[in-house]
Each structure stands twice: as C-alpha cells, then as structure tokens.
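The lines below spell out each chain.
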Amino acid sequence: MKDIRTLSLDQLKDYFVTLGEKPFRAKQVYDWLWSKNLHSIDEMTNLSKELREKIAQEYTINPISVDQLQKSTDGTIKNGVKLHDGLLVESVLIPTETRTTACVSSQVGCSLNCEFCATARLKRMRNLEVAEIVDQVALIDRQSKLYFDRPLSNIVFMGMGEPMMNYKNVVESIKKITEPEGMGMSPRRITVSTSGIPKMIKMLADEDLRVKLALSLHSAIEEKRNEIMPFSDKFPLTEIMDSLKYWYEKTGNTVTFEYCVWKGINDQDEDIKALIRYCKQVPSKVNLIQYNPIGDGKYDQCNKDAEENYVRQLENAGITVLIRRSRGGDIDAACGQLANKSGE
C-alpha cells in the first residue's frame, strides 16, 4: 500500500472529502504525521475507530527503524537505519556542551565518486523519500532528549549521498522540518552540504528556504580538485563560484567551504594561496575538517604544522577559519566514514 505521508495537505483534504469527511480531518492527520511523527494510523486518537480503519485499508506508514546503534567514547551516536525495503543508511547524533546536531543522509549510497570518502564506494541504490529524511531528524531529536536532556538544535545534510542529487525530496523535507505544521525547527539551524552542482545551488537559492550552504571544496586548484573529486571535471570552479555568488546575492548567507588538508596532496603554500583567492570572491568562511582515514592509505591527515600554516595564512588574509575536530571516529561515524560498516 502507499505511504500516506506521500500525500500533501491538499491531497489529504481531497481524500477525506471522498470519504464523506470534513476537510479539517486532513489537518488532524497531517499534524500526527509531521508534527508528532506518529507511525501508526491506529494511534490517531482524535479520529474515530471507523475512520482509522478506512484509512488503513488504503494507506500505510513505512517508518525507518534502528538496525544498529553505536555509541562513541566522545558521546557521538551512529544509527544504522533500516528502510522499509530493507536497505540501510546511516545518520549521526553529534553532541557538544551547548548543542546537538543531526547529520542526516539523503541517498542510499552516493551518486558521486570522491576519492577520500567511504560512502562514495557504495553503489547508489536510490534516493531517500521525504518521510525517510524527516524520520531521521525526528529519531535523533528523540535520542537527544533521551541521552542529553535537550532537543535537537542543528541539522546538517552531510550524511550519505549528495543532497543536490535528491533535490526535490531534500527541499520538501526541509519544509516539513521547518514549517509550523511540521516539526517547527528554525531553517537557520539547517545546513545543506554539497560537492558543488552549480545549477542546483542556484535553484536552492531561489527556494528562499533560509538554510545555510556548505561547499565541499578541498582544493581551489582545478586539476587537483578533479583528482580528489573526479566528478567535478563536469563543474569547473568558475561555474561553481558563479553559483555561490548567486546564492549570496539571493540569500545574503555566507558560504562555508569545507576543506580537508591531506599530507602530500594539498598541504603546500600554493594550495593555501589558491584557497585564499577563491574565498575572496564571495563572502565566506572555511571549516578545516580533520580527515578520518578510510583504510586505503592514499589520503592521510596532514601534520600539525601544515594545518597551522593554513590557519595562519587564512587569518592573515582576513578569512574566518575554524578547525572542526572529528567526532565519532572510533565507530566510523565521522565525516567521510559512513559506509554501513557494522561494529564488531
């Protein structure tokens, strides 16, 4: 049967009219589905038993479930999430002293082929549905309250998959997460991370969702970036920059560049100077992300001197730079490590 969560509010209204019910029933059901994240039609207690039975004859709800939960020594929680068709994705709860962040997936596997990323080695099986994305957020919100006694505060689309390659469902999920009739979270606490697809960045800017944008960059030297992220040869850095300028003009939101520094790959002065030139073209900041090895030996974390050299030169150029230390590395939950790998 079809998942009732595939219906819009207007479609729900039309459906209840066909049952001879008042349209306001649609709002009641919508509230159960998207605000309360209910996964059982039978538990919609403000509907009559007869009406619930009628709905259940035509529709179902296909929730996600936790196939495996792993806890890191630093408090990070990785969820191996099973979908209704048996496929698996991973989502992560990242706690700090002041907030909890949900790192959610948008695809089963990934459409791209970044050399340094474990997820890229998985075949893309399919895009996640809107409800499957929202369910991840609701799950981590419950875990945040249970384990850390506070609600989820931030969401990053940085899990498995390229969000821009599941554009429609990602945008719709953001609406469900942020709208008052849904989870009611602030869009300014949501970051969409992309490897850089110019057309989709411009489309996202036009949505006026008020979310933040992060670009996985890793090199501002064209040839080098194409080696690190082979798909990017279809999207020149000049075209990406045009889309980022468009993003800033439309939204007024600063762009975040996500950047790993690897030993012998992008740890030289020429790499830093290229990054500075790129950053200067649009209001931006840089997150230097600690790399998490995936076992192939090709990409190794740079030494501390190289990292400090990046920070020093970026700051001297007037560019805001933050060092993002890895969380959850001991359970393969850190950036680039999500690959449905089971714990021992």
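Residues numbered from 1 in each chain as written. Predicted model: local features only at pLDDT ≥ 70, side-chain atom pairs only at ≥ 80, totals over all residues. Heavy atoms only, no water.

- Going by an unreviewed UniProt entry, the protein carries the name Probable dual-specificity RNA methyltransferase RlmN and comes from Chryseobacterium manosquense.
- One UniProt comment on the protein, placed under Subcellular location (unreviewed entry), says "Cytoplasm".
- Turning to the protein, the UniProt annotation filed under Sequence similarities (unreviewed entry) states: "Belongs to the radical SAM superfamily. RlmN family." (UniProt positions renumbered as here; feature names shortened; annotations may be inferred.)

**With respect to the overall build of the protein**
No. 1: Scanning the protein from N- to C-terminus turns up ten helices and 14 strands.
No. 2: Radius of gyration (C-alpha) of the protein: 21 Å, near the 20 Å computed for a compact globule of 344 residues.
No. 3: Dimensions of the protein, computed from the C-alpha atoms along their principal axes, are close to 70 × 45 × 35 Å.
No. 4: Burial statistics for the protein: of 344 residues in total, 54% are counted as buried.
No. 5: A separation threshold of at least 6 residues defines the contact pool for the protein, and within that pool the share at least 24 residues apart is 65%.
No. 6: For the protein, the accessible area works out to roughly 15,600 Å², and carbon and sulfur atoms hold 47% of it.
No. 7: For the protein, the separation between the mean place of its 47 positive charges and that of its 49 negative charges on side chains is 3 Å. (Helix = DSSP H or I, 4+ residues; strand = E, 2+ residues; numbered from the N terminus. Rg over C-alpha atoms; globule rule 2.2 N^0.38 Å. Buried < 20%, exposed > 50% of the residue type's maximum accessible area, 1.4 Å probe, protein only. Contact = heavy atoms within 4.5 Å. Areas by Shrake-Rupley, 256 points an atom, 1.4 Å probe, with all protein chains shown as cover. Lys, Arg positive; Asp, Glu negative; His and termini not counted. Charge placed at Lys NZ, Arg CZ, Asp CG, Glu CD.)

**Here's the deal with the pattern of salt bridges**
No. 1: Under the defined criterion, the tally for this structure stands at 16 salt bridges.
No. 2: The partner of Asp42 in a salt bridge is Arg52, and the shortest N-O contact between them spans 3.7 Å. Residue Asp42 is found in the loop between helix 2 (24-35) and helix 3 (49-58), and its partner Arg52 is found in helix 3; the two are separated by ten residues along the sequence.
No. 3: In this structure, Lys304 and Glu308 form a salt bridge, with 4.0 Å as the shortest nitrogen-oxygen distance. (Salt bridge = Lys/Arg side-chain N within 4 Å of Asp/Glu carboxyl O.)

**Remarks on unusual backbone geometry**
No. 1: Residue Asn37 is not a glycine yet carries a positive backbone phi of 55 degrees.
No. 2: Take Asn37: it is sitting in the loop between helix 2 and helix 3.

**Quick notes on helix 1 (residues 9-18)**
No. 1: Listed in full, the buried residues belonging to helix 1 are Leu12, Tyr15 and Phe16. When helix 1 is viewed along its axis, its buried side chains cluster within an angular range of 95 degrees and face the same direction. Every exposed residue of helix 1 that faces more than 90 degrees away from the buried side is listed here: Asp10, Asp14 and Thr18.
No. 2: In this structure, the buried side of helix 1 is in contact with helix 2, helix 3 and strand 2 (59-60).
No. 3: A positive phi of about 80 degrees marks Gly20, the residue just after helix 1. (Arc of directions from axis to C-beta.)

**So, the nonpolar core**
No. 1: Counting residues in each nonpolar core, the largest one holds 88 residues, and the members touching the most others are Phe257 and Val286.
No. 2: Among the elements that take part in this core, helix 4 (residues 130-148) stands out by supplying seven residues, more than any other.
No. 3: Counting contributing residues, this core receives three or more from each of domain 1 (2-60) and domain 2 (65-331).
No. 4: Those residues in contact with Phe257 that lie beyond four places of it in its chain are Leu215, Leu217, Met241, Leu244, Tyr278, Cys279, Val282, Ser284, Lys285, Val286 and Asn287.
No. 5: Counting 13 residues, the second largest nonpolar core, distinct from the first, contains Cys114, Ile228, Met229 and Phe231. (Core = buried A, V, L, I, M, F, W, Y, C linked by side-chain atoms within 4.5 Å. Domains from an automatic or database assignment.)

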